[in-house]
Amino acid sequence: MKAAPVSNDIILRTGASIMVPVILLWGFYVLVHGAIGPGGGFQAGVILAAGFILYTTAFGLKEAKKILSVKLLMVIASTGLFIYTGVGVLAIIFGGNFLEYGVIPIGETPAEASKYGIEMVEIGIGLTVMAIMLSIFYDIVLKEKGG
Amino acid sequence: MRRYLAILSCFIFWAILVYGVPDLPAIGDPEAPANKHVAPRYIERSYEESGVPNIVTAILTNYRGYDTLGETIVIFTAGISVMLLLRRREK
């Protein structure tokens, strides 16, 4: 007999429905505070992926794929890398070296432009890491359940 | 026989490493070479050069931005490899 695709454990499902929004909110906090506190793109990506993995274990793969399908994950991962290299190429367009954020004309001083560049790069890293962690998780689950 | 050779070579390598440990600088030694090269510049000027108070983030994405781009590409490649090896075609 095949195991039920959706967990019937009421403790897990109730706990997950309380925990998942908090974990995702914490992930976004770590992502946008990476420049001024502990954290950054890699950590935030893993926290966000952990929230979605908890959601998947509680409510099943079908429900999770309605929110983030496998195709959408690859689009998100590519977008993250595109943002990162895009910021780098933008610096070349404005006459600097690759990833030299200071020459991009946002903000008043080069340091301020650099701050915005770093934030953009962190968001790119976060998107890629989250999507790839979830993609690997989906692949393993698909392999074990055969569909 | 080969197993004993492997154990012996592991032990010799371990002994060489332990022999080198007393020559390492003490943890947090301000005179250590690692703390004399680029670290003072990062501590003194990373805020005015990159505009972020977190020195770790400044090093990671500003001074070593090219390296971090490579790390992100490594993660991306790992995800694509797992996808190619494990994913079954959905019917």
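Residues numbered from 1 in each chain as written. Chains lettered and ligands numbered in written order. Predicted model: local features only at pLDDT ≥ 70, side-chain atom pairs only at ≥ 80, totals over all residues.

Draft legend 1. Local environment of the overall build of chain B. Counting its secondary structure elements, chain B contains 4 helices and 0 strands. In chain B, the order of α-helices and β-strands from amino to carboxyl end is α-α-α-α. At 22 Å, chain B has a C-alpha radius of gyration far larger than the 12 Å of a compact globule built from 91 residues. Its C-alpha atoms give chain B principal-axis dimensions of about 55 × 55 × 15 Å. (Helix = DSSP H or I, 4+ residues; strand = E, 2+ residues; numbered from the N terminus. Rg over C-alpha atoms; globule rule 2.2 N^0.38 Å.)

Draft legend 2. Quick peek at the confidence of the model for chain B. All names here are of chain B. Mean pLDDT over chain B works out to 87, with 96% of the residues at or above the 70 mark. Mean pLDDT values for the elements of chain B range from 86 in helix α2 (residues 39-50) up to 94 in helix α1 (residues 2-20). The ipTM value of the predicted complex is 0.83, and its pTM value is 0.82. (pLDDT = per-residue confidence, 0-100.)

Draft legend 3. Fine view of the nonpolar core. Of all hydrophobic cores here, the largest spans 41 residues; its most connected members are A49, V129, M130, A131, I132, M133 and L134 of chain A. In terms of residues, this core owes the most to one element, helix α5 (residues 110-145) of chain A, which gives 14 residues. The contacts of I132 of chain A, once residues within four sequence positions are left out, are A77 of chain A together with I75, F76, A78 and G79 of chain B. (Core = buried A, V, L, I, M, F, W, Y, C linked by C-beta atoms within 7 Å. Buried ≥ 20, exposed ≤ 12 C-beta atoms within 10 Å, placed from the backbone. Contact = placed C-beta atoms within 7 Å.)

Draft legend 4. Main features of unusual backbone geometry. Phi angles above zero are rare outside glycine, and L99 of chain A is one such case at about 65 degrees. With respect to the secondary-structure elements, L99 of chain A resides in the loop between α4 (70-93) and α5.

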